[in-house]
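Observations on the model geometry
Spelled out from the first residue to the last, the chains are:
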Amino acid sequence: NGIYTFKSEDNVGHISSYDFQVSNIKKNVLITPIREVDLELDSEDLSGVSTMQFKNEDLAWGTEMPYSNFAEWVLSPGDGLKHVWVRYKDKLGNTSEKIEDIIILDMTKPILDFVTINNGDVYTKTREVALTFKGSDNLTGVTSIFLSNDNKNWTEYPYSENEKINWILSNGDGIKTVYAKINDGAGNLSNVITDTIFLDTTKPLAGISINN
């Protein structure tokens, strides 16, 4: 991500420059919530490929291992964009140029700041309520919100903090709790948070007496 300058030249030698802001490249990169990854590999050589080596960011090359189309690898610690480099060696000892692939490592839970029933009302006379919420994730973004009346059975909705979700409370008058959690692009789940409201669908008792 950043500002890139592109230059073009026409047939008579005039050069033009264009600055272009590139952002959110990470949205097109695969994401993993764990450091252990599987590598798919491919190399060809006239004398045959003999070995391969890997490395992460700014680390020394690992031990040479026999060439294979698949390998297990551990990414470097810490969330963020991760590189894995590989180089191959043929049976005559010639070493290839290093090539790389990238992936985002996201092991951090998103944060659900709040969930609110009917804008914080204390009472409701209907089971249908409106939920507002706000969450955040610094790396891969919030993708879904999960809601429940019992903290066991969950319903998933696409996450959008600018929208309200209509929700049906469980049957029966009394204090009702709504449970909520979110996940991010890597599948990490936030802690569960709750809000409560008192459901009262029962008509009040009425009485009147004239002159005792």
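Residues numbered from 1 in each chain as written. Predicted model: local features only at pLDDT ≥ 70, side-chain atom pairs only at ≥ 80, totals over all residues. Heavy atoms only, no water.

**Observations concerning the overall build of the protein chain**
When helices and strands are counted, the protein chain shows zero helices and 17 strands. Its C-alpha radius of gyration of 29 Å places the protein chain more than 25% over the 17 Å reference for a compact globule of 212 residues. Oriented by its inertia axes, the alpha-carbon framework of the protein chain measures out at about 115 × 55 × 25 Å. Sorting the 212 residues of the protein chain into buried and exposed places 33% on the buried side. For the protein chain, the exposed surface amounts to about 14300 Å²; the carbon and sulfur share of it is 50%. Positive and negative side-chain charges in the protein chain, numbering 19 and 31 respectively, have mean positions lying 7 Å apart. (Helix = DSSP H or I, 4+ residues; strand = E, 2+ residues; numbered from the N terminus. Rg over C-alpha atoms; globule rule 2.2 N^0.38 Å. Buried < 20%, exposed > 50% of the residue type's maximum accessible area, 1.4 Å probe, protein only. Areas by Shrake-Rupley, 256 points an atom, 1.4 Å probe, with all protein chains shown as cover. Lys, Arg positive; Asp, Glu negative; His and termini not counted. Charge placed at Lys NZ, Arg CZ, Asp CG, Glu CD.)

**Considerations on the nonpolar core**
By size, the foremost hydrophobic cluster in this structure holds 17 residues, and its most contacted members are Leu131, Phe133, Ile145, Leu147, Trp167 and Val178. Broken down by secondary-structure element, the contributors of at least two residues to this core are strand E10 (111–117), strand E12 (128–136), strand E13 (142–148), strand E15 (165–168) and strand E16 (174–184). Excluding residues that lie within four positions of it along the chain, Trp167 makes contacts with Arg127, Glu128, Val129, Leu131, Leu147, Ser148, Asn149, Thr155, Tyr157 and Val178. Among the nonpolar cores identified, the runner-up in size contains 14 residues, and Leu39, Val49, Leu75 and Tyr88 belong to it. (Core = buried A, V, L, I, M, F, W, Y, C linked by side-chain atoms within 4.5 Å. Contact = heavy atoms within 4.5 Å.)

**Overview of the packing of aromatic side chains**
What the rule picks out here adds up to five aromatic pairs. Residues Phe133 and Tyr159 carry aromatic rings whose centres are separated by 5.7 Å and whose planes lie at 50 degrees to one another, so their mutual orientation is tilted. Of this pair, Phe133 sits in strand E12 while Tyr159 is found in the loop between strand E14 (155–158) and E15, placing the two residues 26 residues apart along the sequence. Note on accessibility: Phe133 and Tyr159 belong to one class, buried. The residue whose ring lies beneath Lys55 is Trp85, and the NZ or CZ to ring-centre distance is 5.6 Å. (Phe/Tyr/Trp six-rings, centres within 6.5 Å; stacked < 30°, edge-to-face > 60°. Lys NZ or Arg CZ within 6 Å of the ring centre and 35° of its normal.)

**Things to note about the side chain of Asp137**
Note that Asp137 resides in the loop between E12 and E13. At 2.9 Å, the side chain of Asp137 forms a polar contact with the backbone nitrogen of Thr140. At a separation of 3.1 Å, a polar atom in the side chain of Asp137 contacts the main-chain amide nitrogen of Gly141. If sequence neighbours within four positions are ignored, Asp137 has contacts with Asp106, Thr108, Lys109, Pro110, Val142 and Asp184. (Polar contact = N/O pair within 3.5 Å; in protein donor to acceptor, adjacent residues only side chain to side chain.)

**Describing the sheet that holds strand E5 (residues 49–55)**
Taken in spatial order, the five strands make up an open sheet running E3-E9-E8-E5-E6, and their pairing is mixed. Where the open sheet ends on each side, the last strands, each with one partner, are strand E3 (31–32) and strand E6 (65–66). Bridging between E5 and E6 involves two bridges; their strand directions are antiparallel. Residue pairing across strands places Thr51 opposite Pro66, the latter belonging to E6. (Pairing = 2+ DSSP bridges.)

**Here's the deal with the environment of Ile165**
Positionally, Ile165 belongs in strand E15. According to the relative accessible area criterion, Ile165 is buried, its value standing at 8%. For the pair Ile165 and Leu147, spaced 18 residues apart in the sequence, the C-alpha separation amounts to 9.8 Å. Apart from the residues lying within four places of it in its own chain, the contact partners of Ile165 are Val129, Ala130, Leu131, Phe133, Ile145, Leu147 and Tyr157.

**Examining a nonpolar patch on the surface**
A surface patch of nonpolar side chains, amounting to about 470 Å² of accessible area, comprises Tyr4, Phe6, Tyr18 and Phe20. For the nonpolar patch, the secondary structure elements donating two or more residues are strand E1 (2–9) and strand E2 (15–22). Topologically, Phe6 is positioned in strand E1. (Patch = residues over 30% accessible without salt bridge, like charges linked within 9 Å, V, L, I, M, F, W, Y side chains within 5 Å. Salt bridge = Lys/Arg side-chain N within 4 Å of Asp/Glu carboxyl O.)

**Some words on the pattern of salt bridges**
Here the structure, examined in full by the defined rule, presents two salt bridges. The shortest N-O distance in the salt bridge between Glu64 and Lys89 comes to 2.8 Å. Taken as a pair, Glu64 in the loop between E5 and E6 and Lys89 in strand E8 (residues 80–90) lie far apart in primary sequence, 25 residues in all. Here Lys134 makes a salt bridge to Glu161, at a shortest N to O gap of 3.6 Å. One end of the pair, Lys134, is in strand E12; the other, Glu161, is in the loop between E14 and E15, with 27 residues separating them in the sequence. With relative accessibility at 35%, the residue Glu161 sits in the partly exposed group.

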